[in-house]
2 protein chains.
Amino acid sequence: MSDALGIAVVGCGTVGGGVVEALLRHRDRLAQRAGRPLQLRHIVVRDRHKPREPFVPRELLTDSLAPVLQDAAVQVVVELIGGTTAAREVVLSSLAAGKHVVTANKALLAEAGPDIFEAARRAERTVCFEAAVAGGVPIIRALGESLAANQITAIQGILNGTSNYILTAMAERGLPYAQALEEAQAHGYAEADPSLDVDGSDAAHKLAILAQIAFGVIARPQDITRQGIDQLHPMDIRFAQELGYTIKLLAEAWTRSDPQHPDGPRGVALHVAPVLLRHTDLLAQVRGAYNAIAVYGDIVGETLYQGPGAGRGPTTSSVLADLIDLAVGRAQRTFAAARLWSRADRGFVLDPPEQVQSRFYLRLLVADKPGVLADIARILAQHTISISSVVQHEAPEGDGEPVPLVIVTHYATTGHFLAAVEQINRLPTVATPAVYYSMGD
Amino acid sequence: MSDALGIAVVGCGTVGGGVVEALLRHRDRLAQRAGRPLQLRHIVVRDRHKPREPFVPRELLTDSLAPVLQDAAVQVVVELIGGTTAAREVVLSSLAAGKHVVTANKALLAEAGPDIFEAARRAERTVCFEAAVAGGVPIIRALGESLAANQITAIQGILNGTSNYILTAMAERGLPYAQALEEAQAHGYAEADPSLDVDGSDAAHKLAILAQIAFGVIARPQDITRQGIDQLHPMDIRFAQELGYTIKLLAEAWTRSDPQHPDGPRGVALHVAPVLLRHTDLLAQVRGAYNAIAVYGDIVGETLYQGPGAGRGPTTSSVLADLIDLAVGRAQRTFAAARLWSRADRGFVLDPPEQVQSRFYLRLLVADKPGVLADIARILAQHTISISSVVQHEAPEGDGEPVPLVIVTHYATTGHFLAAVEQINRLPTVATPAVYYSMGD
Ligand SMILES: NC(=O)c1ccc[n+]([C@@H]2O[C@H](COP(=O)([O-])OP(=O)(O)OC[C@H]3O[C@@H](n4cnc5c(N)ncnc54)[C@H](OP(=O)(O)O)[C@@H]3O)[C@@H](O)[C@H]2O)c1
Ligand SMILES: NC(=O)c1ccc[n+]([C@@H]2O[C@H](COP(=O)([O-])OP(=O)(O)OC[C@H]3O[C@@H](n4cnc5c(N)ncnc54)[C@H](OP(=O)(O)O)[C@@H]3O)[C@@H](O)[C@H]2O)c1
């Protein structure tokens, strides 16, 4: 058996603790799978004196990166502290010191991907990040290796387990948003501050990473239009169900070629938003804290990957897969071949989201008077949007309250639809700003 | 860009034709992904004079393997002829001539895996076979690389698209078996002789391959108990639906450790059979010619992989992924690390299927007389099997025909259950041999 792969784990919380435990507990199995021992040499934490889980070897603990960088036997630094400031520093100094890096940090890659990968190429070292997207689901390998012959044409993903847990609880058990969120927190799915989960930012970070692999586009987090589930009204979940749809928070990438310039760069639009999916859609059936990603390739067609989106076990499994790949020597070859976050032009540009075509769900609160629907239908028609179906339930006799009106449109360009909505919102008979979501079919 | 990877494709039918077309049509893309050109140098067929699709370059066609073996610039032979006789010869002589091999031939690997892999190790060449299991679904990479840190504890797969298409058509549209099969053939899902599809053999071949990767066991096709869908009665599909279940043809591997010998080898039971899955089970929702595999790992938990199980595009995508992996140099490292079909003991032995615990669906045709259910219940109780539920509909008044009786049991050992069934079949009130399936929950 060849030389050990020397490893330092930086961060020993939910994920770091799992990696440390597995490296020690499954030492023989991992050595067998990797063809050489995976040797844990240092564990870096913020506070060396904090109580730790019983399996953490005290003698490996340190609160400084210096001994890691100086230890020539450390070949890989596993960054599991999170955030973008200290983590960035850990990653860049590890690469500069000639260490490979494994990370689960989607925020860092989405923000600083170009810098980190440029630094890695300069240092001739590898950065692995299977754990950064969709926890235990091997979507990074699927896109980068298994589907490598394909041009990816679309990606649709449920990439935030907390949001999916909340949506499932709201839809299936009728829980109000706040209570569903509390439950997700109690189960340990949500972060203490869950705002990045529920406002779509976390999913946007992950989508930026997938879009880089699939299309070579560098999407900064701010380039991705996003809408979370924090504003979602139970009424819309019920209307969706009545229409035969389930609402899911989807991260989507849709490509488009310009018929005017067939050989020019293709466009890819990235966005995160609640979407109405038909009950029979596979992604509609993904429940609880699970993640799932549907990938469309021009040769393979549609494939789907599903599994636990976060948590100690799933994330640890992905970090260890990266370590085994480094030990075997696969990761280095993948890294060199993929040229991620480089200037290599792969023929795609970011499309403005207004150009995306979709059907829309539009829910209004309107005065219960004659002519209201006529006004709204006229405005939609002026923007060349035709109506597929309308739901308006009989209002409780004469209580004068505005009543909900739901309109489902045929395919329309997002830009046209938004212009129509703006005009509809100015109608005196429309009580509160329109609520709208796109439909996944 | 480095030297080209020289390729010969042997077989130019459904899959071979797809590979040839893609190698030519996506030449630039593939070169970019592989870091070097993938150069098609020969196409070997049985009949050189048969009409071919227009994209097939005549000048590359040959009906002999000799020029391939003699061409030093051919580094990879892609075997896509099927069958186990000529294909075996092609694979072994290619390895002996120092070529890597890519194959989609599950029958060959299931039958001759040990010989082929031993020959490859002797020749220091690599055998890749992503396309051999589940078409476009990257399950070989998932098990061998993405989940490499895990001990797999169970696999449940829908591995035959033809059978799943037939089952979907029977369940959702009430088609009789023969008509559903005809449709599958018309869609090109089934082989001209579909018996290997519908009798469970094809799924058993694929399960043998997955079991080798996950558990290191060498299961000959005859070691895998199998039951197909060719005997499935529409009545049982209807009863299953009434009980809240969907019948799927599953290939399953379940592991078990012996409580008496916790450190001894673990058992793994392999079988292919129609199984009743709850409607909400993810695998129950896999429709038409799709394949899906649920994999349970001790660190990651459950992950699921789904996609088109056969056909030109999906299978081509997997063959090309293997070619790219060979060009990049990843495949060689995976092959060396995995030591497949070797004598390396991975701590598992094949368990006799009688030891598997399951709940059972038992359907009888019985005389419509008092005391029948009592007799059956007594026999089950004698074999320590308890009953979970019973369905017997009111019989049409006095027509004297035997009536169906459905019994769902609690967990029982397969061996005990089979012994009980044998005794039940001898009851004079039981009209035809009992029909039984295990339940996936
Ligand atoms: N949790 C999940 O399920 C999950 C899933 C996928 C990806 N991720 C990603 O994995 C990363 C880690 O997440 P986590 O949930 O494991 O975080 P966590 O439980 O909060 O643990 C963070 C760890 O990092 C240490 N740390 C923080 N700042 C440090 C610094 N400047 N120097 C050294 N150590 C420092 C902490 O030390 P102390 O122990 O001394 O406080 C703690 O051990 C994040 O990027 C996250 O996005 C997490
Ligand atoms: N079809 C699928 O969707 C699918 C999916 C996954 C895996 N597979 C596997 O892929 C393999 C090929 O399947 P297929 O459907 O592509 O088969 P196919 O359409 O029947 O094509 C077979 C090809 O092999 C050639 N061939 C047969 N015997 C030969 C020999 N002795 N020497 C040279 N060439 C020979 C035939 O030549 P001629 O053209 O001259 O007759 C034909 O081109 C099989 O192992 C199958 O199990 C198929």
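Residues numbered from 1 in each chain as written. Chains lettered and ligands numbered in written order. Predicted model: local features only at pLDDT ≥ 70, side-chain atom pairs only at ≥ 80, totals over all residues. Heavy atoms only, no water.

An unreviewed UniProt entry annotates chain A as Homoserine dehydrogenase originating from Thermogemmata fonticola. Among the UniProt annotations of chain A, the heading Catalytic activity (unreviewed entry) holds the following wording: "L-homoserine + NADP(+) = L-aspartate 4-semialdehyde + NADPH + H(+)". The UniProt entry for chain A carries the following text under Sequence similarities (unreviewed entry): "Belongs to the homoserine dehydrogenase family." (UniProt positions renumbered as here; feature names shortened; annotations may be inferred.)

J.: Requested: an account of the site of ligand 2, with residues and values cited.
T.: Residues and elements named next belong to chain B. In the vicinity of ligand 2 there are 22 residues, among which Cys12, Val15, Lys50, Arg52 and Gly311 approach most closely. Within the contact set of ligand 2, an oxygen atom lies 2.7 Å away from a side-chain nitrogen or oxygen of Arg52. Lys106 has a polar side-chain atom sitting 3.2 Å from an oxygen atom of ligand 2. The protein chains hide 79% of the 900 Å² of surface that ligand 2 would expose on its own. Residue composition of the shell around ligand 2, grouped by class: 10 nonpolar, 7 polar and 5 charged. (Near = heavy atom within 4 Å. Polar contact = N/O pair within 3.5 Å; in protein donor to acceptor, adjacent residues only side chain to side chain. Areas by Shrake-Rupley, 256 points an atom, 1.4 Å probe, with all protein chains shown as cover. Nonpolar A, V, L, I, M, F, W, Y, C, P; charged D, E, K, R; others polar.)

J.: Can you explain the interface of chain B and chain A? Please cite residues and give values.
T.: Contact residues are listed per partner, giving 43 residues for chain B and 43 residues for chain A. Counting each side, the surface lost to burial between chain B and chain A is near 4100 Å², with a carbon and sulfur contribution of 50%. Contact with chain A buries area across many residues of chain B, yet Arg33(B), Arg330(B) and Arg333(B) alone supply 15% of it, more than any other trio. Remark: the boundary between chain B and chain A carries 4 salt bridges. For Arg29(A), the salt bridge goes to Asp298(B), with nearest N and O atoms at 2.5 Å. Connecting chain B to chain A are 18 residue pairs in polar contact (both at pLDDT 80 or more). Contributing elements (two or more residues each) for the side of chain B that touches chain A: α2 (27-34), α6 (139-146), β12 (301-308), α12 (312-328) and α13 (330-338) of chain B. Among the elements that line the side of chain B that touches chain A, the one with the most residues is α12(B), at 8 residues. Split by residue class, the side of chain B that touches chain A holds 18 nonpolar, 15 polar and 10 charged. (Contact = heavy atoms within 4.5 Å. Buried area = accessible area lost by both parts, 1.4 Å probe. Salt bridge = Lys/Arg side-chain N within 4 Å of Asp/Glu carboxyl O. Helix = DSSP H or I, 4+ residues; strand = E, 2+ residues; numbered from the N terminus.)

J.: Can you explain the side chain of Arg52(B)? Please cite residues and give values.
T.: Residues and elements named next belong to chain B. Note on placement: Arg52 falls in the loop between β2 (38-44) and β3 (61-62). The side chain of Arg52 is buried and forms no salt bridge, while Asp47, the nearest opposite charge, is found at 5.7 Å. In this structure the side chain of Arg52 is engaged in a polar contact, spanning 2.8 Å, whose partner is the backbone oxygen of Asp47. Those residues within four positions of Arg52 in sequence are excluded, and the remaining contacts are Cys12, Val45, Asp47, Arg58 and Leu61. (Buried < 20%, exposed > 50% of the residue type's maximum accessible area, 1.4 Å probe, protein only. Lys, Arg positive; Asp, Glu negative; His and termini not counted.)

J.: Describe the pairing of strand β5 (residues 100-103) of chain B, with residues and values.
T.: All names here are of chain B. Side chains His100 and Val102 of β5 all project onto a buried face; the interleaved residues Val101 and Thr103 project onto the opposite face, where all are buried too. Note that strand β4 (residues 76-79) and β5 share 4 bridges and pair parallel. Looking at β5, one finds that Glu79 is bridged to Thr103. A crossover links β4 with its parallel partner β5, the connecting element being helix α4 (residues 86-96), and its sense is right-handed. In this fold, β5 hands off to helix α5 (residues 106-123), which returns the chain to strand β6 (residues 127-128); that crossover is right-handed. (Pairing = 2+ DSSP bridges. Right-handed = clockwise from strand over helix to strand, strands pointing away.)

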